[in-house]
Amino acid sequence: MQRMPQWADVILIPLISLILAAVLSALVILAIGENPWAALKLMVEGSLGSTYAWGYTLYYATNFIFTGLAVAVAIHARLFNIGGEGQAMLGGLGVALIALFIPWPHWTLALLGGAVGAALFGAAWAFIPAWLQAKRGSHVVITTIMFNFIAAALLNYLLIGALKPQGSMEPATGRFPEATHLPTFQDMFSTAETALFRGAPVNVSFFVALIACVAVWALIWRTRLGYEIRAYGQSEGAAKYAGISPVKIIVVTMLISGGLAGMMAINNVMGEAERLVLNAVEGAGFIGIAVALMGRSHPFGVLLAALLFGFLYQGGAELALWTSIPRELIVVIQALVILFTGALDNMVRMPLEGLFLRLRRAPKPDRKTSPAE
Amino acid sequence: MTDQTPAIELKGISKAFGPVQANKDISIRVMPGTIHGIIGENGAGKSTLMSILYGFYRADAGEIWVDGRRTEIPDSQAAIRAGIGMVFQHFKLVQNFSVLENVVLGAEDGAMLRPSLAKARRELKDLAAEYELNIDPDARIEDIGVGMQQRVEILKALYRQADILILDEPTGVLTPAEADHLFRILKGLRDQGKTIILITHKLREIMEITDTVSVMRRGEMTATVQTAETSPPELAELMVGRKVLLQVEKVPPKPGKTVLEVENLRVVDSKGVERLRKIGFEIRAGEILGIAGVAGNGQSELLEVLGGYRRAEGTVRLNGKPLELAGRHANGRARRAAGVAHVPEDRHHEGLILDFSAWENVAFGYHDRPEFNKGLFMDNAAIKADAAAKMERFDVRPPHPHLAAKNFSGGNQQKIVVAREIERNPDLLLIGQPTRGVDIGAIEFIHEQIVALRDMGKAVLLVSVELDEIMSLSDRIAVMFDGKIMGERLPAETDERELGLLMAGITDTDKPHSEAEIEANLARRHASADKEA
């Protein structure tokens, strides 16, 4: 017997968590003498109020979809990949190399090539932790986080050395060739009369991210590999009994996870910056953890959570710009959301489950339980 | 019944866990100085009832009366104060403490340990003399056998002045000889005026030792009868709610060609302990080989090796062809392809994925078969249809393939696993503890399926710690002890006593053996296994 109907698990709990986080944030804003209601209005206005605002929100969301999916896929195999940050950095390196050193005839091909390069580099960065976990039992949480630092150091080294154009004073690669320019929403949706999404970085990678959501869903719930990943994640003993190789599942899952994290680079490096700069990932790899947790490791949930975090990111930036609320407080608000939706899940879940149980105890016709997906 | 005051009286106890009514208006009177059995299938509510009595749960409604006084038992401390002691199925002992230290633990007088220990030593001596509970107070728990450990648990309760002793499935881990000894201890305790509540699902134990028996079914107390006035079939019927065949009906075996040959099979585990010591046996088509033995003597390792997920040395041939015991093809998938089906001992951690739906579980292990796949994708519709059909044929209840496996009862979970493995029509079926945690109605059904497979000319390797099950199903019985096969017997030509001796590692079964000798042997084995580890 399930304790709660599924809609409560998927929608009600995140919503209540979110409201709690919002209430607490409001109190914090109140405490520093600002008006929380005005702040909320500003955030909504600044992130959803215009196509320009949407353009930023969706741009951030695209990053978070990729890193969120990366974490989500790994969670299905009970692997906690917190190396999304480093894998995304390496993805950026892959994109940069491919954009700089291969002459692309058209952006579509460049996008394809960039996506492949980003995924390959991201996956390669996840491979060593995966191998160490599968063969030596070195915990993937430890190794992936270590690899974040190594990735940062590696990019540092490359961007002040081999990849820096001659004579440049900046730790960044040169600008990518024009042929690799990905169409932004401005390019795609503006008409002659009205310019939409003017100056906003959101670009065609958003659609790649949506495709990735569908692909991950199909992988997890429709393919044999996904079935085996879930089986291994639920019960290693059962997986061994069935003849599913743990080594294979760990390595393949981490490659997919690293590849997804790496693919974020087609958005931030290829789509937005059009060159590789230092610290291009800006913490999106870590936000991906919160996104995956909040999204219950389901691609659709990840999409919604990524949109929410896109909103928080963009809204937060607006708040910092227009009010005396310091930038750090925005981080506090984001942290509260992560805390409530991720870490304090049970705080909301337990009382809610109790409530549903009490409701159900009143005699009612048996409710059909829905499938686990 | 007499008009004595009951030692324990429960009045109208009810307890619900969410929508599940675990105990429904239960009333029971346990008379002092008796052994009172509580029997029922898994999930009938026995353990919940005892947990309420011991203060782990609070009843939603109802009253507890101890020695004629209404008593509130909000926690186990209160239960102990009321004179109630409990011996759990899984012992709660500190492995590297001595017997004495374990007995005193939690019942020390004052901050200094020494006086408590000295006092406990004196009391243990008295208790040992009084109840045949001989035990070395300075032995470490990790050095003594399971039967002894259980006695320590009983001593713990007695040391805490318990007058009422609850034992939860106490014989599950014991050899027949150890169980006999336990029963003698319990009878001794009863004769000294203690009250004993024995929770079990084994009819034989009820008949052998209890004075009164209460039967539970689906959270309700269906009957309380004097043991002398009832019979096993009647109790079984009260438990299940319909007539049950307690004995498996089967025709004599018609063994055919040899299906499985095992030679010099040796397993050394990761700690360097030899778990299988070069064993050998064979199984022919149309034959059930039962492996008897106390849990932990290598049976699990044997199943894992044959199932493909534990490395081993030696030779195993299936239908004359060698099976890989180490290397790339030593895995469950290759075994299934070769015609080996496996119902593992532990269905919760191996046989099923509890969070998967039933239909996903019915394909588990066979999910790469062509009929379940369409190109890159799994053919979920085909799997669901297959699962629904199998669940119907095996009468899995409720017949909902979409329900998660964890939501089925133990018996129905096992039916899902058995259906999956048997319906593949394997040449060899490995089946471990087929009816552990399975209700009587489902036991009957599963036993029939095993026999039916054997009658179709398939080979079956049955591993079980339930001697009754081994005796009634097997065509031949092999007894394992300490990684070796101590001997093979035909069921018609052996009895529990002989098998019990073999299970304790004693092969010259014709001579009489004292209990002390058996115990010494078990303790030796226990100590040597630990040393190797």
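Just so it is clear, the model here is predicted, and its values are computed rather than measured.

Calculation criteria
- Residues numbered from 1 in each chain as written.
- Chains lettered and ligands numbered in written order.
- Predicted model: local features only at pLDDT ≥ 70, side-chain atom pairs only at ≥ 80, totals over all residues.
- Heavy atoms only, no water.
- Helix = DSSP H or I, 4+ residues; strand = E, 2+ residues; numbered from the N terminus.
- Buried < 20%, exposed > 50% of the residue type's maximum accessible area, 1.4 Å probe, protein only.
- Axes fitted to C-alpha atoms, helices over the stretch in contact; angles between N-to-C directions.
- Parallel < 35°, antiparallel > 145°, perpendicular 65-115°, else oblique.
- Left-handed = near helix turned anticlockwise from the far one by under 90°.
- Contact = heavy atoms within 4.5 Å.
- Nonpolar A, V, L, I, M, F, W, Y, C, P; charged D, E, K, R; others polar.
- Core = buried A, V, L, I, M, F, W, Y, C linked by side-chain atoms within 4.5 Å.
- Expected span 1.5 Å × (residues − 1).
- Arc of directions from axis to C-beta.
- Domains from an automatic or database assignment.
- Buried area = accessible area lost by both parts, 1.4 Å probe.
- Polar contact = N/O pair within 3.5 Å; in protein donor to acceptor, adjacent residues only side chain to side chain.
- Salt bridge = Lys/Arg side-chain N within 4 Å of Asp/Glu carboxyl O.
- pLDDT = per-residue confidence, 0-100.
- Phe/Tyr/Trp six-rings, centres within 6.5 Å; stacked < 30°, edge-to-face > 60°.
- Lys NZ or Arg CZ within 6 Å of the ring centre and 35° of its normal.
- UniProt positions renumbered as here; feature names shortened; annotations may be inferred.
- Pairing = 2+ DSSP bridges.

A.B. asks: Teacher, can you tell me more about unusual backbone geometry here?
C.D. replies: Trans peptide bonds make up the majority, and among non-glycine residues the majority have a negative phi. All names here are of chain B. Backbone torsion omega between Arg-397 and Pro-398 reads -5°, so that peptide bond is classified as cis. The backbone of Glu-169 shows a phi angle near 45°, a positive value even though the residue is not glycine. Take Glu-169: it is sitting in the loop between β7 (164-168) and α6 (176-191). Relative accessible area serves as the criterion here: at 14%, Glu-169 is assigned to the buried category.

A.B. asks: Is there a simple way to think about the packing of helix α9 (residues 224-234) of chain A against helix α11 (residues 246-263) of chain A in this case?
C.D. replies: Two measures define how a pair of helices packs: the angle their axes make with one another and the distance between the axes. All names here are of chain A. Packing of α9 against α11 leaves a shortest axis separation of 10 Å and a crossing angle of 110°. Taken together, the axes of α9 and α11 are roughly perpendicular relative to one another. Considering how the two elements wind past one another, α9 and α11 form a crossing that is left-handed. The segment α9 lies against α11, with Leu-225, Glu-228, Ile-229 and Tyr-232 engaging Pro-246, Lys-248, Ile-249, Ile-250, Val-252, Thr-253 and Ile-256. Within the contact of α9 with α11, the residues separate by chemical class into 8 nonpolar, 1 polar and 2 charged.

A.B. asks: I'm lost on the nonpolar core in this one. Help?
C.D. replies: One broad trend across soluble globular proteins is that nonpolar side chains are buried collectively. Counting residues in hydrophobic clusters, the biggest one holds 87 residues, and the most contacted among them are Phe64(A) and Phe309(A). For this core, the leading source of residues is helix α3 (residues 51-76) of chain A, giving 11 residues. In this structure Phe309(A) touches Phe64(A), Ile287(A), Ala290(A), Val291(A), Met294(A), Val337(A) and Ile338(A), once residues within four positions along its chain are discounted. The next biggest cluster of nonpolar side chains, apart from the first, holds 79 residues, and it includes Ile288(B), Ala358(B), Met391(B) and Leu429(B).

A.B. asks: How do you make sense of helix α15 (residues 327-343) of chain A when you look at a structure like this?
C.D. replies: One full turn of an α-helix is made of 3.6 residues, so residues set three or four places apart face in the same direction. All names here are of chain A. Between its first and last C-alpha, α15 extends 23 Å over 17 residues, near the 24 Å set by a 1.5 Å rise per residue. Restricting attention to buried positions, one finds in α15 the residues Leu-329, Ile-330, Ile-333, Gln-334, Leu-336, Val-337, Phe-340 and Thr-341. Each buried residue of α15 sits inside an arc of 150° when the element is viewed along its axis, so together they form one side. Seen from the open side of α15, the exposed residues pointing more than 90 degrees away from its buried face are Glu-328 and Ala-343.

A.B. asks: How should the domain arrangement of chain B be read in this particular structure?
C.D. replies: Size of an interface: often given as the accessible area lost when the parts come together. Residues and elements named next belong to chain B. Taken domain by domain, chain B consists of domain 1 (8-240) and domain 2 (258-532). Domain 1 puts 22 residues into the contact, and the matching count from domain 2 is 19 residues. The contact between domain 1 and domain 2 buries some 1600 Å² in all, and 56% of this surface belongs to carbon and sulfur atoms. Between domain 1 and domain 2 we count 1 residue pair in polar contact (both at pLDDT 80 or more) in total. Among the elements of the structure, α5 (146-159), α6 and α8 (232-240) are those that each provide at least two residues to the side of domain 1 that touches domain 2. Considering every element that reaches the side of domain 1 that touches domain 2, the biggest residue donor is α6, with 5 residues.

A.B. asks: Help me understand the side chain of Thr494(B), please; the structure alone is not making it clear to me.
C.D. replies: All names here are of chain B. With respect to the helices, strands and loops of the structure, Thr-494 is situated in the loop between β22 (484-489) and α17 (496-503). A polar contact of 2.5 Å, which involves the side chain of Thr-494, links it to the side chain of Glu-498. Excluding anything up to four places from it in sequence, Thr-494 contacts Met-471, Ile-477, Arg-489 and Leu-499.

A.B. asks: What should I look at first to understand the interface of chain A and chain B in this one?
C.D. replies: Listed by partner, the interface residues are 28 residues for chain A and 34 residues for chain B. Summing both sides of the interface, chain A and chain B together bury roughly 2700 Å²; the carbon and sulfur share of this comes to 58%. Where chain A packs against chain B, one counts 2 salt bridges. At the boundary of chain A and chain B, one finds 14 residue pairs in polar contact (both at pLDDT 80 or more). Every element with two or more residues in the side of chain A that touches chain B is listed here: α8 (205-222), α9, α10 (236-242) and α16 (345-361) of chain A. Of the residues contributing to the side of chain A that touches chain B, the split by class is 13 nonpolar, 8 polar and 7 charged.

A.B. asks: Is there a simple way to explain the confidence of the model for chain A in this structure?
C.D. replies: For any part of a model where pLDDT is low, the fine detail of the predicted coordinates should not be relied upon. A residue-level look at chain A finds 95% of positions with pLDDT of 70 or above and a mean pLDDT of 90. Mean pLDDT across the elements of chain A bottoms out in α16(A) (78) and peaks in α11(A) (98).

A.B. asks: Before we go on, may I ask you to explain the packing of aromatic side chains in this structure?
C.D. replies: What describes a pair of aromatic rings is the distance from one ring centre to the other and the angle between the planes of the rings. Summed over the entire model, instances satisfying the criterion amount to 20 aromatic pairs over all chains. When the centroid spacing of 6.1 Å and the interplanar angle of 90° are considered together, the rings of Tyr241(A) and Tyr309(B) count as edge-to-face. One end of the pair, Tyr241(A), is in helix α10; the other, Tyr309(B), is in the loop between α9 (299-307) and β14 (313-318), on a second chain. Exposure class is identical for Tyr241(A) and Tyr309(B). Each is buried. Looking at Lys384(B), its charged tip hangs above the ring of Trp359(B), at a distance of 4.9 Å from the centre.

A.B. asks: How should I be thinking about the UniProt feature "domain: ABC transporter" (unreviewed entry) in chain B in this particular structure?
C.D. replies: Under the UniProt annotation, "domain: ABC transporter" (unreviewed entry) lies at residues 8-243 and 260-507 of chain B. As a span, residues 8-243 of chain B carries 36% helix and 27% strand, and end to end its C-alpha atoms are 31 Å apart.

A.B. asks: How should I be thinking about the environment of Phe197(A) in this particular structure?
C.D. replies: Residues and elements named next belong to chain A. Examined against the element boundaries, Phe-197 turns out to sit in the loop between α7 (185-189) and α8. A residue is classified by how much of its surface remains accessible, and Phe-197, at 12% relative accessible area, is buried. Sequence-wise, Phe-197 and Gln-186 are 11 residues apart; in three dimensions their C-alpha atoms are separated by 4.9 Å. Excluding anything up to four places from it in sequence, Phe-197 contacts Thr-51, Tyr-52, Trp-54, Gly-55, Phe-185, Gln-186, Phe-189 and Val-202.

A.B. asks: Looking at this structure, I do not really get helix α15 (residues 440-455) of chain B. What am I missing?
C.D. replies: Residues and elements named next belong to chain B. The end-to-end C-alpha separation of α15 is 23 Å, in line with the 22 Å expected for 16 residues at 1.5 Å each. The buried count for α15 comes to 12 of 16 residues, which makes it a mostly enclosed element. Among the residues of α15, Ile-440, Gly-441, Ala-442, Ile-443, Glu-444, Phe-445, Ile-446, His-447, Ile-450, Val-451, Leu-453 and Arg-454 are the ones counted as buried. Positive backbone phi, approximately 90°, marks Gly-457, located one or two places after α15.

A.B. asks: Any chance you could explain the sheet that holds strand β4 (residues 61-66) of chain B here in plain terms?
C.D. replies: Across a sheet, strands are paired by hydrogen bonds formed along the backbone, either parallel or antiparallel in direction. All names here are of chain B. As summarised here, the arrangement of the 4 strands in space is β2-β1-β4-β5, forming an open sheet in which the pairing is antiparallel. Looking along the sheet, the strands with just one partner apiece sit at the ends: β2 (20-30) and β5 (69-70). Across 2 bridges, the pairing between β4 and β5 is antiparallel. Bridge pairing in β5 links Val-66 to Arg-69. The strands touched by helix α1 (residues 46-53) are β1 (8-17), β2 and β4; relative to β1, the strand with the most contacts, the crossing angle is about 115°.

A.B. asks: Sorry if this is basic, but what is going on with the environment of Pro165(A) here?
C.D. replies: Residue and element names in this part refer to chain A. Looking at the secondary structure, you find Pro-165 in the loop between α6 (140-159) and α7. In this structure Pro-165 comes out as partly exposed when scored by relative accessible area, which is 29%. Sequence separation of Pro-165 and Tyr-241 is 76 residues, and the distance between their C-alpha atoms is 55 Å. For Pro-165, the residues in contact, after removing those within four places along its chain, are Ala-172, Thr-173 and Gly-174.

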